[in-house]
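Chain and residue survey
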Amino acid sequence: MKKINFIQKRDWILFCSIFFICGILFCMTLFFKKEGNRILVEQNGHIVLEVSLNENGTYVIEENDYRNELVIENGKAFMKSANCKDLVCVHQGSISKVNETITCLPHKLIVYVAGGDVSDVDAVVN
Amino acid sequence: MKRHIAYLGFLLTLALVLSYVESLIPIFVRIPGIKLGLANLVVVICLYTFSFKETFIISILRVIVAGILFGSLFSILYSLSGAIFSLIIMMLAKRLRFGVIGVSILGGIFHNIGQLLVAINVVSNYRIGYLLPYLLLSGLLTGTFIGIAANTLMPHLKKLFEFTR
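Computed from a predicted structure; not experimentally measured.

Quick look at the overall build of chain A now. In terms of helices and strands, chain A carries 2 helices and 7 strands. Secondary structure elements of chain A, listed N to C terminal, follow the sequence α-β-β-β-β-β-α-β-β. Within chain A, buried positions represent 37% of all 126 residues. Of all intrachain contacts in chain A linking residues separated by at least 6 positions in sequence, the fraction that spans at least 24 positions is 37%. Here chain A has roughly 7,500 Å² of accessible surface; of this, 56% comes from carbon and sulfur atoms.

Spelled out as structure tokens, the structure:
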């Protein structure tokens, strides 16, 4: 039986080019990363909570049966508990850099860090 | 087709077992949506052995049954969009004469991209798009791994499936 080789030369070109693209994207994100000041929480596309990242506190976001407990501690925000099924949001750890997010897809909830000061509404649209 | 059904059933079972094995492996990365995609191995092998239609059926059934068994109704939605998206891309890649590794890399990447697009739609916030480089890299690595595995497996399975055509 003749040996079948399913690997083509263009596979390696593909591998290298995608690896290269990943490298560029990572460099870009590292370059633009900076500490944020505000935590915004959006549910169903609406902002439901906006707090400063510099004040410690515990916030409970409730809508219908959805419940998420967000904790801000020492300039970092993390999801302490939630009653969703997969708990992906709780496992995502803490965030503090601009544009980093915690998402809870079953609850259509997204927590993200933004720059600027609290109630600086214009900075939301960037 | 009649004779294929037994083999398709066998492949579907294999895919479900691999999904189960995968659910046992803990993931140490905190990025949501990253997984090994072992079941993709079956889809890749199926794509090279059977027709596109049969692969499509296997892929859809695998996602639905695995979702009911090990996931939630919600995870089915994401996996389904990712699976269909990646399958179409894989078929095109195969037509374009990419090898197994190329096909499975593209499959892995576009599975992640499909899921990300649905996620962006659900939370209606483009910000989770910042996960894209992580998802691309994970799709690349797992896709390569699956491709190498499929490349090693297929010459042996060819013997098994030879008389089906």
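With that out of the way, let us pick up the interface of chain A and chain B. When the parts come together, some accessible area is lost, and that loss is often what is quoted as the size of the interface. Each partner contributes to the interface: chain A provides 40 residues, whereas chain B provides 38 residues. At the boundary of chain A with chain B, the tally comes to 0 salt bridges. Summed over the shared surface of chain A and chain B, the number is 3 residue pairs in polar contact (both at pLDDT 80 or more). Broken down by secondary-structure element, the contributors of at least two residues to the side of chain A that touches chain B are helix H1 (9–32), helix H2 (88–91), strand S6 (101–104) and strand S7 (109–114) of chain A. Among the elements that make up the side of chain A that touches chain B, the one with the highest residue count is H1 of chain A (12 residues). When its residues are assigned to classes, the side of chain A that touches chain B shows 20 nonpolar, 13 polar and 7 charged.

Here we come to the layout of surface pockets. By volume, the second largest pocket is sized at about 480 Å³. Along the wall of the second largest pocket there are 16 residues; nearest its centre are Thr 29, Phe 32, Val 98 and Asn 99 of chain A together with Tyr 130 of chain B. Looking at the lining of the second largest pocket residue by residue, the class counts come to 7 nonpolar, 5 polar and 4 charged.

Counting all residues, the mean pLDDT for chain A is 79, and 87% of those residues have values of 70 or more. Within chain A, H2 of chain A has the poorest average pLDDT of any element, 82, and strand S4 (residues 66–73) of chain A the best, 87.

Let us now look at the sheet that holds S4 of chain A. All names here are of chain A. Spatial ordering of the open sheet is given by S3-S4-S5, a layout of 3 strands whose pairing is antiparallel. The outermost strands of the open sheet, each flanked by one partner alone, are strand S3 (57–63) and strand S5 (76–82). Taken pair by pair, the neighbouring strands of this sheet meet at an average axis angle of 25°, ignoring direction. Pairing of S3 with S4, which is carried by 7 bridges, proceeds in the antiparallel orientation. Looking at the pairing, Ile 61 lines up with Asn 68 of S4.

This part covers the nonpolar core. Among the nonpolar cores identified, the biggest contains 38 residues, and Ile 18 of chain A together with Met 90, Val 103 and Ile 105 of chain B are the most heavily contacted of them. Of all the secondary structure elements, the ones that give two or more residues to this core are H1 of chain A together with helix H1 (4–24), helix H2 (39–49), helix H4 (73–95), helix H5 (100–123) and helix H6 (132–161) of chain B. Considering each element in turn, this core owes the most residues, 8 residues, to H2 of chain B. Ignoring sequence-local partners within four residues, the contact set of Ile 18 of chain A consists of Ile 105, Ile 109 and Leu 140 of chain B. Leu 53, Ile 61, Cys 84 and Ile 102 of chain A belong to the second-largest nonpolar core, a separate cluster that totals 19 residues.

Reading guide: rules and limits
- Residues numbered from 1 in each chain as written.
- Chains lettered and ligands numbered in written order.
- Predicted model: local features only at pLDDT ≥ 70, side-chain atom pairs only at ≥ 80, totals over all residues.
- Heavy atoms only, no water.
- Helix = DSSP H or I, 4+ residues; strand = E, 2+ residues; numbered from the N terminus.
- Buried < 20%, exposed > 50% of the residue type's maximum accessible area, 1.4 Å probe, protein only.
- Contact = heavy atoms within 4.5 Å.
- Areas by Shrake-Rupley, 256 points an atom, 1.4 Å probe, with all protein chains shown as cover.
- Salt bridge = Lys/Arg side-chain N within 4 Å of Asp/Glu carboxyl O.
- Polar contact = N/O pair within 3.5 Å; in protein donor to acceptor, adjacent residues only side chain to side chain.
- Nonpolar A, V, L, I, M, F, W, Y, C, P; charged D, E, K, R; others polar.
- 1 Å grid on protein atoms, 1.4 Å probe; cavity = no way out; pocket = protein on both sides within 12 Å on 5 of 7 lines; lining within 4 Å.
- Points joined across faces, edges and corners; volume = space filled by probe spheres on them.
- pLDDT = per-residue confidence, 0-100.
- Pairing = 2+ DSSP bridges.
- Axes fitted to C-alpha atoms, helices over the stretch in contact; angles between N-to-C directions.
- Core = buried A, V, L, I, M, F, W, Y, C linked by side-chain atoms within 4.5 Å.

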